[in-house]
Amino acid sequence: MNHPASTVTTIARPQTHTLESAEQYAIEARNLSIYYGDFRAVKDVNLQIQKQKITAIIGPSGCGKSTMLRSFNRMNELVPTAWAEGEVLYHGQNLYAPDVDPVEVRRRIGMVFQKPNPFPKSIYENIAWGARINGFKGNMDDLVEESLRDAALWDEVHDKLDQSGLSLSGGQQQRLCIARAISIKPDIILMDEPASALDPIATLKIEELMRELVQNYTIIVVTHNMQQAARVSDFTAFFTMDEDRAGYLKEFGHTEQIFTNPKDKVTEDYITGRFG
Amino acid sequence: MTRETLDRRIRHLLDEILLLDSMVEQSISASVVALKSRDMEAARRVYAGDQQINSRRFALENETMVVLATQQPIMAHDLRLLASILEITGELERIGDYGKGIAKIALILGDQPPVKPLIDLPRMAAIGVEMLHKAISAFVSGDADAARAIPVMDDQVDQLYNDVYHELVQIMIQDPRTIDRANYLMWAAHNLERMADRVTNICERTIYLVTGELKEVQPTDDEFLARHP
């Protein structure tokens, strides 16, 4: 990973609505390769993520889906041997530039993980804690309620906000994690297999929630579940592996096109279950 | 809140079925009016308008395929509904073709002298359109009882078709110069008779949608077979 320089600056938010609306993409990978030591896990990816849409990343195990996802908020850096080549452009700025603060990146580009991971604190504190750390100065009760409502959890927990987040069901815990992620008002939410630990009903609830959230956020989701990608996403990026085991982007397009008429035979073989 | 996307998309498909149906009903009604009133301009409009019906059908078919592929409604009622939509869009498009066919006959006959005043053909069209309207309403509202009641109306259409047939045969026997024109009218009547049969197919899909049972509502006429050994 490019090492952050000693002087850290924060990423400037766009100053005007004109600039905001002029930008077509929420985030964009350019010639991005990601390595773990000598091993190239993902190679030469060019991928443009549309604003306020859900983009699903699908592909067989080991094709670098999660690595790709984590590259969008520099989460790969938490692996000591990981490093990147190329660029990830966010509001025109390369997130891997030496003066960019990865903590600020992760504030703007939040993440929800495969296994729900609420803090061992009350439901209320699960929201309030992160907000406080991020310097939130407004009305905390309002923020907690708004975040839980936006995550479609408020009706189920409003009368037990002081109970532990861990006392909730798996699906509720995951929605609590989503509430926590959106409480700090990110631009983009990355989701790594957000429903794979949940039962079918809880899974569908998460999917419907994603459709709600995408009205205000850009979502990138990695999923092993092709049906889920088909149901929930607007765009689909299909990754596969080369002979050297490096993952690469094979086909990208509107989800409807990918699942009804993929252009590439390998994509077709994957989505129809012939391999992977 | 677990399947809002699928439900929203199904509602949209059903709205599209209603729209396609209204275009087809209009095509049948307008074609027979054009034939009766010898309105070439109206006939031309119906003939050309069939393209819009066809493209709407393709769009609806494509949208249904996208819903199947992306929402995977592969169980029970959902699956029967999507499969029935595919079937019914085909039936509607074919009925639209009958309207186009009648408009074509209106254009071919042009201002040649009429072989007879058209009374029964408009009646057949009116019953056919009423049957179609009721059948699509029954499908969209998932009303199997209503669907079962509609095919009985087909008997009236068949009766009128027989009347038209015999009347036209008489006219042809009396004046062979009418054969060409009368034969075209026979085709128009045949189109309307087939339309009612296709409406019956739509009713069968509604019954299938609700009950899961695939069977004919107008079984084979054994008496007819007995009369024709």
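Before reading on, note that the structure itself is shown above.
From a predicted model like this one, the values you see are computed outputs, not experimental measurements.

Student: Would you take a moment to explain the overall build of chain A for this structure?
Tutor: Each helix and strand counted, chain A has 11 helices and 10 strands in total. Taking 19 Å as the expected radius of gyration for a compact globule of 276 residues, we find that chain A reaches 19 Å, a close match to that expectation. Per-residue burial for chain A yields a buried fraction of 43% across its 276 residues. Nonlocal contacts in chain A, meaning residues at least 24 apart in sequence, comprise 71% of its contacts between residues at least 6 apart.

Student: Whenever I open this one, the overall build of chain B confuses me. Can you help?
Tutor: Assigned secondary structure in chain B consists of 8 helices and 0 strands. Listed by position from the N terminus, the elements making up chain B come as α-α-α-α-α-α-α-α. Reported as C-alpha extents along the three principal axes, the dimensions of chain B are approximately 70 × 45 × 25 Å. For chain B, the proportion of its 229 residues judged to be buried stands at 38%.

Student: Mind showing me how you'd approach the nonpolar core here?
Tutor: Nonpolar side chains in soluble globular proteins tend to end up buried together. Residues A:Ile57, A:Ile188, A:Ile189, A:Leu190, A:Ile219 and A:Ile220 are the most contacted members of the largest nonpolar core, which totals 74 residues. In this structure, A:Ile188 is in contact with A:Ala26, A:Ile27, A:Phe72, A:Arg108, A:Ile109, A:Tyr217, A:Thr218 and A:Ile220, ignoring residues within four places of it in sequence. B:Ile17, B:Ala34, B:Val46 and B:Leu192 belong to the second-largest nonpolar core, a separate cluster that totals 60 residues.

Student: Just checking my understanding: could you explain the interface of chain B and chain A for this structure?
Tutor: By a frequent convention, interface size equals the accessible area lost on bringing the separate parts together. Chain B puts 11 residues into the contact, and the matching count from chain A is 13 residues. Going through the elements one at a time, helix H1 (4-37) and helix H2 (40-71) of chain B are the ones with two or more residues in the side of chain B that touches chain A. For the side of chain B that touches chain A, the leading source of residues is H2(B), giving 5 residues. Of the residues contributing to the side of chain B that touches chain A, the split by class is 4 nonpolar, 5 polar and 2 charged.

Student: Honestly, the pairing of strand E7 (residues 188-192) of chain A in this entry has me stumped. Any pointers?
Tutor: The two faces of the sheet receive side chains in turn, since in a regular strand these alternate between them. Residue and element names in this part refer to chain A. Counted residue by residue, E7 has 5 buried out of 5 residues, so it is predominantly covered. Both faces of E7 are covered, namely the face carrying Ile 188, Leu 190 and Asp 192 and the face carrying Ile 189 and Met 191. For strand E6 (residues 109-112) and E7, the ladder comprises 4 bridges, and the chain directions are parallel. Residue pairing in the sheet places Gly 110 in a bridge with Ile 189 of E7. Bridge count between E7 and strand E8 (residues 218-222): 5 bridges; the pairing is parallel. Bridge pairing links Ile 189 to Ile 219 in E8. Chirality of the crossover, the property in question, places the unit of E7, helix H8 (residues 200-213) and E8 among those that are right-handed.

Student: What's the story with unusual backbone geometry in this structure? I'm lost.
Tutor: If a residue is not glycine, its phi is most likely negative; likewise, a peptide bond is most likely trans. Residue and element names in this part refer to chain A. Despite not being glycine, Glu 193 shows a phi value in the positive range, around 50°. Looking at where Glu 193 falls in the secondary structure, it is placed in the loop between E7 and H8. Taking the number of C-beta atoms within 10 Å as the measure of exposure, Glu 193 has 19 and is therefore partly exposed. Positive phi outside glycine occurs at Arg 245, with the angle close to 70°. Tracing the backbone through its elements, the reader meets Arg 245 in the loop between strand E9 (235-241) and strand E10 (247-254). The class for Arg 245 is exposed, based on 12 C-beta atoms found within 10 Å.

Student: For this particular structure, what's the right way to read the packing of helix H4 (residues 120-141) of chain B against helix H6 (residues 154-174) of chain B?
Tutor: A pair of packed helices is characterised by two quantities: the angle between their axes and the separation of those axes. Residue and element names in this part refer to chain B. Running from amino to carboxyl end, H4 crosses H6 at an angle of 165°, the nearest separation of the two axes being 10 Å. Regarding the angle of H4 to H6, the classification is roughly antiparallel. Between H4 and H6 the crossing geometry is left-handed. Residues Asp 120, Leu 121, Arg 123, Met 124, Ile 127 and Gly 128 of H4 lie in contact with H6, whose contacting residues are Gln 156, Val 157, Leu 160, Tyr 161, Asp 163 and Val 164. Among the residues forming the contact of H4 with H6, the class breakdown is 7 nonpolar, 2 polar and 3 charged.

Student: Looking at this structure, I do not really get the environment of B:Ala76. What am I missing?
Tutor: Within the secondary structure, B:Ala76 sits in helix H3 (residues 76-109). On a C-alpha basis, the gap between B:Ala76 and B:Met124 in space is 37 Å, while along the polypeptide they are 48 residues apart.

Student: Would you take a moment to explain the environment of A:Gly171 for this structure?
Tutor: Residues and elements named next belong to chain A. The topology assignment puts Gly 171 in helix H7 (residues 170-183). Linking Gly 171 and His 158, residues 13 residues apart in sequence, is a C-alpha distance of 16 Å. Setting aside residues no more than four positions away along its own chain, Gly 171 makes contact with Leu 198, Ala 202, Lys 205 and Ile 206.

Student: Just checking my understanding: could you explain the pairing of E10(A) for this structure?
Tutor: All names here are of chain A. Alignment of E9 against E10, held across 7 bridges, turns out to be antiparallel. Its bridge partner being in E10, Ala 237 is matched across the sheet by Phe 252. What sits between the antiparallel neighbours E9 and E10 is a turn of 5 residues, in which Arg 245 has the positive phi angle 70°.

Student: Looking at this structure, I do not really get the packing of H4(B) against helix H7 (residues 179-211) of chain B. What am I missing?
Tutor: All names here are of chain B. One can describe the packing of H4 onto H7 by two numbers: an axis separation of 9 Å at closest approach and a directional angle of 15°. By the angle class used here, H4 and H7 are roughly parallel. In the crossing of H4 with H7, the sense of the turn from one axis to the other is left-handed. In this structure, H4 uses Leu 121, Met 124, Ala 125, Gly 128, Met 131, Leu 132, Ala 135, Ile 136, Ala 138 and Phe 139 to contact H7, whose residues at the interface are Ala 188, Ala 189, Leu 192, Met 195, Ala 196, Val 199, Ile 202, Cys 203, Arg 205, Thr 206 and Leu 209.

Cut-off values and rules
Residues numbered from 1 in each chain as written. Chains lettered and ligands numbered in written order. Predicted model: local features only at pLDDT ≥ 70, side-chain atom pairs only at ≥ 80, totals over all residues. Helix = DSSP H or I, 4+ residues; strand = E, 2+ residues; numbered from the N terminus. Rg over C-alpha atoms; globule rule 2.2 N^0.38 Å. Buried ≥ 20, exposed ≤ 12 C-beta atoms within 10 Å, placed from the backbone. Contact = placed C-beta atoms within 7 Å. Core = buried A, V, L, I, M, F, W, Y, C linked by C-beta atoms within 7 Å. Nonpolar A, V, L, I, M, F, W, Y, C, P; charged D, E, K, R; others polar. Pairing = 2+ DSSP bridges. Right-handed = clockwise from strand over helix to strand, strands pointing away. Axes fitted to C-alpha atoms, helices over the stretch in contact; angles between N-to-C directions. Parallel < 35°, antiparallel > 145°, perpendicular 65-115°, else oblique. Left-handed = near helix turned anticlockwise from the far one by under 90°.

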